[in-house]
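Reading the structure
In case you want the letters, here they are:
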Amino acid sequence: MTARINNRVTLRDVAGALGMDKSTVSNALSGKGNVSAKTRARITAVARELGYEPNPLAQRLATGHRNETICLFSGVLDTGITTDKVLLIQQALAEWELEAPIYACGKLSREPGRTQMAQIRQLRRQQPRAILCASQLVDISVYTELEAYQRDGGLVISYDTPSPLDCDQVIFDREDNTYQAARHLLLQGHRRIAIGLSRLIWQPTYSEGDTQQQRLRGFFRALEEFGILPLPEWQFRHGSYERGGEEMARQFLSLAPAERPTGICIINDHVALAFMAEVIRAGVRIPQDLSVIGHDNQPIAAYCPVPLTSMTQPTERIANTVVELLMDRIRGGGADTVPQRITISSELVQRLSVSPPIPG
């Protein structure tokens, strides 16, 4: 990371500015010891002026207090798989008798970076035992705060997409996920292949965490292996969930039948459901005219108009791996141990929405 908080004011700085002993300053700010009201007020004023913030982690260590709170932070929650993962982690932590409050920001926030910064600062003030960060759509400023929390002795584990933090990470391999989907269509004989991606209102500022680019890299890699050039008009951008599927269907149906792809990867089962329903009503046969692969293998996939072939996103495995890493650290994994980076891949669940293209 390039952004760091390097100028944190310490008790020693406050004591030096006042020409006092560090223990006197500590007692005054903590409300302990025999310090006069006048001196306490002076010390408090100087500390505030210098920007001093007490380190609750150090205070808890000094008093022997053990915080059992594990805070879950997510840049955004939705009605699907992102929330599933957070709730699965929360449930697993409850089995260890650990409190796990959830902190999240509104998906359509006008200033997501500013909103996330306010949330993470509030979270840091509580100084939980650990912070588990769902890194998709997290602003870089959040990582700066989490890095400061780590330097204060806090434990961070991130999951979902890569993050710039030096911490344990559980990564869902979206590039391979989309590569496998496109490759399945290619192996079925399709050569006219499209992809459907959500149109994000806001992009994270950490480039390696850009899920759209991860998806496109996998899609392009599969096409390249079969000597196929991707067409921009077959890279559909749409809104979220069912309305996004309806929007994508309009884009698809606006193409002349001879200009349409014969296979498509849609990066969300709910989008795929609405898309399929709309194109079927327009007379498109699935899979005879168009093969469709969804992503995430949500329960709805089995109940689409045509049962949907889908790539899994193994939420339980992701959640369990995050909790296992956390408990290893708590049980003595140690801050000096090299952080682990575990990548989790997906599998194809075949149903009825894919078949070889009809010749001609």
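Residues numbered from 1 in each chain as written. Predicted model: local features only at pLDDT ≥ 70, side-chain atom pairs only at ≥ 80, totals over all residues. Heavy atoms only, no water.

1. So, the packing of aromatic side chains
To keep it simple, the criterion reads: Two aromatic rings from Phe, Tyr or Trp, using only the six-membered ring of Trp, form a pair when their centres are within 6.5 Å; if the ring planes differ by under 30 degrees the pair is stacked, by over 60 it is edge-to-face, and anything between is tilted. Helix and strand assignments come from DSSP, with helices taken as H or I runs of at least 4 residues and strands as E runs of at least 2, each series counted from the N terminus. Burial status follows relative accessibility: with a 1.4 Å probe on protein chains alone, a residue under 20% of its type maximum counts as buried, one over 50% as exposed, and anything between as partly exposed. Charge over a ring is defined by NZ of Lys or CZ of Arg lying within 6 Å of the ring centre and within 35 degrees of the ring normal.
Across all of its chains, the model carries two aromatic pairs by this definition. Relative to Phe 275, the ring of Phe 252 lies with its centre 5.6 Å away and its plane at 80°, an arrangement referred to as edge-to-face. Of the two residues, Phe 252 is situated in helix α10 (residues 241-253) and Phe 275 in helix α11 (residues 269-281); the sequence distance between them amounts to 23 residues. For the pair Phe 252 and Phe 275, a shared accessibility class is recorded, and that class is buried. Residue placement shows Arg 221 over the ring face of Tyr 179; its charged tip is 4.0 Å from the ring centre.

2. Digging into the environment of Ser 158
The condition that has to hold: Every residue pair with non-hydrogen atoms within 4.5 Å of one another is taken to be in contact.
Considering the arrangement of structural elements, one finds Ser 158 in strand β4 (residues 155-160). On the accessibility criterion, Ser 158 (0% relative accessible area) is buried. Remark: the alpha-carbon pair of Ser 158 and Leu 72, spanning 86 residues in sequence, is separated by 9.8 Å. Residues within four places of Ser 158 in sequence aside, it is in contact with Cys 133, Ser 163, Cys 167, Asp 168, Gln 169 and Val 170.

3. Section: the pattern of salt bridges
Applied cut-off: Within this document, salt bridges are pairs made up of a side-chain nitrogen of Lys or Arg and a carboxyl oxygen of Asp or Glu, the two lying within 4 Å of each other.
Per the stated rule, a full pass over the model turns up 14 salt bridges. Between Lys 85 and Asp 160 there is a salt bridge, with its nearest N and O atoms 3.2 Å apart. Here Lys 85 is found in helix α5 (residues 81-94), whereas its partner Asp 160 is found in strand β4, with 75 residues between them in sequence. Assessed through its relative accessible area of 1%, Asp 160 is described here as buried. Arg 124 is paired through a salt bridge with Glu 145; the nearest N and O atoms lie 2.8 Å apart. Remark: Glu 145 occurs in helix α7 (residues 140-151) and Arg 124 occurs in helix α6 (residues 112-126); sequence separation between them is 21 residues.

4. As for the packing of helix α1 (residues 11-18) against helix α3 (residues 37-50)
How we decide: Fitted lines through C-alpha atoms give the axes, limited to the stretch in contact for helices. The angle between two N-to-C directions lies from 0 to 180 degrees. By the definition adopted for this analysis, an angle is roughly parallel if under 35 degrees, roughly antiparallel if over 145, roughly perpendicular if from 65 to 115, and oblique otherwise. By definition, turning the near helix anticlockwise from the far helix through less than a right angle yields a left-handed crossing, and turning it clockwise yields a right-handed one. Residues are grouped as follows: Ala, Val, Leu, Ile, Met, Phe, Trp, Tyr, Cys and Pro are nonpolar; Asp, Glu, Lys and Arg are charged; all remaining types, including Gly, are polar.
At a closest axis distance of 10 Å, the pairing of α1 and α3 adopts a crossing angle of 120°. The angle between α1 and α3 falls in the class oblique. For the element pair α1 and α3, the recorded crossing hand is right-handed. On α3, the residues that touch Asp 13, Val 14, Ala 17 and Leu 18 of α1 are Arg 42, Ile 43, Val 46, Ala 47 and Leu 50. The residue inventory of the contact of α1 with α3, partitioned by class, reads seven nonpolar, no polar and two charged.

5. Looking at the confidence of the model for the protein chain
Caution applies to low-pLDDT parts of the model: their predicted coordinates are not meant to be read in detail. The cut-off we apply is this: Scored between 0 and 100, pLDDT is the confidence that the predictor attaches to each residue.
Averaged over all residues, the pLDDT of the protein chain equals 88, while 88% of them reach at least 70. Taken as a whole, residues 1-6 scores under 50 in pLDDT and shows 16 contacts with residues more than four places along the chain or in a different chain. Low pLDDT, under 50, characterises residues 60-65; the predicted model gives this stretch five contacts beyond four residues in sequence or across chains.

6. Structural notes on the sheet that holds strand β5 (residues 168-172)
Heads up, the rule is: Here, a strand pair is defined by DSSP locating no fewer than two bridges between the strands.
If you trace the six strands from one edge of the open sheet to the other, you get β2-β1-β3-β4-β5-β11, paired in parallel fashion. Every interior strand has two partners, whereas the edge strands, β2 (102-104) and β11 (341-344), have only one. Recorded for the sheet is a direction-independent mean angle of 15° between the axes of neighbouring strands. Pairing between β5 and β11: four bridges, direction parallel.

7. Considering empty space enclosed by the protein
Which entries qualify depends on this criterion: Of the two site types, the cavity is a set of points on a 1 Å grid over the protein atoms alone where a 1.4 Å probe fits but cannot get out, and the pocket is an open set with protein on both sides within 12 Å along at least five of seven lines, each lined by residues with an atom within 4 Å of a point. Grid points are joined across faces, edges and corners, and a volume is the space filled by probe spheres set on the points.
As enumerated under the stated definition, the model contains one cavity of 30 Å³ or more in all. Volume-wise, the largest cavity comes out at about 490 Å³. Asp 78, Gln 136, Ser 198, Ile 267 and Asn 268 are the residues nearest the centre of the largest cavity, which is lined by 30 residues in total. Those elements giving two or more residues to the lining of the largest cavity turn out to be α5, β6 (193-198), α9 (211-225), α11 and β9 (291-296). Residues that form the lining of the largest cavity fall into these classes: eight nonpolar, 14 polar and eight charged.

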